[in-house]
Amino acid sequence: MKAKRILLTALCMMLVWAGGERQIQGASKKPGKPSGVMATAVKRNVVLSWVKGKKATGTEIYLYDKEKKKYRKKAVSKASRHVIKGLKPGVNYRFKVRSYRKYKKKEYYSGFSKTVKVSMAARGESTIKNFLKTAAAPVGTTLYIWGGGWNKADTGTGNDGKRIGLNGEWNRFFLSQNSGYNYKKYRYRRGKGLDCSGFVGWTVYNIRNTVPGKGGYVRKAKDQPKLFAQKGWGTYKIKSKVTDYKAGDIMGSSSCGHVWIVIGSCKDGSVVLVHSSPKGVQISGTATPSGKKKSQALALARKYMKKYHRKWYKRYPDCSRGRSYLTQYGQMRWDISGDHIMEDPEGYHRKSAEAILKDIYEN
């Protein structure tokens, strides 16, 4: 009897092991889920971009059908981006994607990505919300690289500055580092991250283009805001004339050698911003105009970095920026009339930083 029990136990263990082995083999055939999924509206088009999942043959794109109240497959792509053309102006759209893999005449699928939402401009090319959502896409995954986004000659836009969507290597490099990351050891390691003007140039490129490699907007930090105003995109004020801060404002300084994007302002006069500054692309909060460091903007920056970018915040918890951010920067403010590039249907120019952050991250 004892020998039979031992034999039965051994058989059961073999069956369990075999079943587990089959599950492991089945799971290994599935491709990885796409990451870094972005949906960016450019005129009447939406550019879907993503970092391809491991072992993926391609990616399926699904559009939410409001009438049928379900997602339907819109396209299949073997690349890392896809352009959906001819969408209706002023309409909101929702997408999600998943990887597929062809293996031995069968197809295997990953799970779906999170839903990405995008609002189409009614008259212009883009919206303030679209601009800020694009700017927020590399937050918490992209380290500061001196020269990141520039060409090798260091005279203008490089490959990453005119890339559509995120570079998967940015996140891989971030994950390879620790809390002691020192950007000075990685100067000009292009393809690993972005510097301040590389980040702003990349953001502008993605709201204006549907294909990579065309022109570009990476210039010296102090020159970017003025350059954009000279193109007729908005108005420029020198630092002594700056009196307020509205969503999407681009701030540049010759004395500080930095450029950043305004998310919004707070009642105490502090400002929430998004920028690439050592350690990298993150949301920060300035001090108040009187120099108080514990500002409302800092509290908001910490809240959203901690909640939505935990790995980053654990390594790099400093979200504070000084009073100089409010005194040493010239300002380019977008024309939101819709007659040029930008409009503001969500009313971000009238909203607080808190309301804007909630809308970007939660809607």
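Chemist: Where do I start with the overall build of the chain in this structure?
Modeler: The number of helices and strands found in the chain is eight helices and 17 strands. Taken along the three principal axes of its C-alpha coordinates, the chain extends 95 × 45 × 45 Å. For the chain, the proportion of its 363 residues judged to be buried stands at 51%. Once local pairs closer than 6 in sequence are excluded, the contacts in the chain between residues at least 24 apart make up 70%. For the chain, the accessible area works out to roughly 18100 Å², and carbon and sulfur atoms hold 51% of it. Mean positive and mean negative side-chain charge positions of the chain (76 and 23 charges, respectively) differ by 9 Å.

Chemist: Would you mind showing me how to read the side chain of Ser 126 here?
Modeler: Its location among the elements puts Ser 126 in strand 9 (residues 126-127). Among the polar contacts listed, one links the side chain of Ser 126 to the side chain of Asn 130, at a separation of 2.7 Å. Among residues more than four places away in sequence, those in contact with Ser 126 are Ala 41, Ala 121, Ile 207, Ile 341, Met 342 and Glu 343.

Chemist: How should I be thinking about the packing of helix 2 (residues 128-136) against helix 8 (residues 353-362) in this particular structure?
Modeler: A pair of packed helices is characterised by two quantities: the angle between their axes and the separation of those axes. Where helix 2 meets helix 8, the closest approach of the two axes is 10 Å, and the angle between their N-to-C directions is 70 degrees. One finds that helix 2 runs roughly perpendicular with respect to helix 8. The handedness of the crossing between helix 2 and helix 8 comes out as right-handed. On helix 8, the residues that touch Lys 129, Leu 132, Lys 133 and Ala 136 of helix 2 are Ile 356, Asp 359, Ile 360 and Tyr 361. Among the residues making up the contact of helix 2 with helix 8, the classes are represented as five nonpolar, no polar and three charged.

Chemist: What am I meant to see in the nonpolar core here?
Modeler: Most often, soluble globular proteins have nonpolar side chains that are buried together. Phe 131, Leu 132, Ile 250, Ile 261, Val 272, Ile 283 and Trp 334 are the most contacted members of the largest nonpolar core, which has 64 residues in total. When sequence neighbours within four positions are dropped, the list of residues in contact with Leu 132 reads Ala 247, Gly 248, Ile 261, Val 262, Ile 263, Tyr 348, Ile 356 and Ile 360.

Chemist: Which parts of the structure should I look at to understand helix 6 (residues 296-308)?
Modeler: At 3.6 residues per turn, the α-helix brings residues three or four places apart onto the same side. For helix 6, spanning 13 residues, the distance from its first C-alpha to its last is 18 Å, which sits close to the expected 18 Å at 1.5 Å a residue. Listing the buried residues of helix 6 in full gives Ala 297, Leu 298, Leu 300, Ala 301, Tyr 304 and Met 305. Axial view of helix 6: buried residues confined to an arc of 160 degrees, hence all on one face. Taken together, the buried residues of helix 6 touch strand 13 (271-277), strand 14 (280-286), helix 7 (310-315), strand 15 (320-321) and helix 8.

Chemist: Could you clarify how one ought to interpret the sheet that holds strand 11 (residues 250-253) in this entry?
Modeler: Pairing between the strands of a sheet comes from backbone hydrogen bonds, and it takes one of two forms, parallel or antiparallel. Strand order in this open sheet of seven strands is 10-16-11-12-13-14-15, and the pairing throughout is mixed. Since the sheet does not close on itself, it has two edges, and those belong to strand 10 (234-237) and strand 15, each with one partner. Pairing of strand 12 (residues 258-265) with strand 13, which is carried by four bridges, proceeds in the antiparallel orientation. Its bridge partner being in strand 13, Val 262 is matched across the sheet by Leu 273. Strands strand 11, strand 12, strand 13, strand 14 and strand 16 (330-334) of the sheet are contacted by helix 4 (residues 196-208), whose axis makes an angle of about 60 degrees with strand 12. Most of the contacts of helix 8 go to strand 12, to which it runs at about 100 degrees, and overall it touches strand 12, strand 13 and strand 14.

Chemist: When you look at the sheet that holds strand 5 (residues 81-84) in this model, what are you seeing that I'm missing?
Modeler: Here we have three strands laid out as an open sheet, ordered 1-2-5, and antiparallel in their pairing. Each edge of the sheet is formed by a strand with only one pairing partner; in this case those strands are strand 1 (35-42) and strand 5. Between one strand axis and the next, the sheet turns by 15 degrees as a mean value, whatever way the strands run. As judged from the six bridges shared by strand 1 and strand 2 (residues 45-51), these two strands associate in the antiparallel manner. Opposite Ala 41, over in strand 2, you have Val 46 as the bridge partner.

Quick notes on the rules
- Residues numbered from 1 in each chain as written.
- Predicted model: local features only at pLDDT ≥ 70, side-chain atom pairs only at ≥ 80, totals over all residues.
- Heavy atoms only, no water.
- Helix = DSSP H or I, 4+ residues; strand = E, 2+ residues; numbered from the N terminus.
- Buried < 20%, exposed > 50% of the residue type's maximum accessible area, 1.4 Å probe, protein only.
- Contact = heavy atoms within 4.5 Å.
- Areas by Shrake-Rupley, 256 points an atom, 1.4 Å probe, with all protein chains shown as cover.
- Lys, Arg positive; Asp, Glu negative; His and termini not counted.
- Charge placed at Lys NZ, Arg CZ, Asp CG, Glu CD.
- Polar contact = N/O pair within 3.5 Å; in protein donor to acceptor, adjacent residues only side chain to side chain.
- Axes fitted to C-alpha atoms, helices over the stretch in contact; angles between N-to-C directions.
- Parallel < 35°, antiparallel > 145°, perpendicular 65-115°, else oblique.
- Left-handed = near helix turned anticlockwise from the far one by under 90°.
- Nonpolar A, V, L, I, M, F, W, Y, C, P; charged D, E, K, R; others polar.
- Core = buried A, V, L, I, M, F, W, Y, C linked by side-chain atoms within 4.5 Å.
- Expected span 1.5 Å × (residues − 1).
- Arc of directions from axis to C-beta.
- Pairing = 2+ DSSP bridges.

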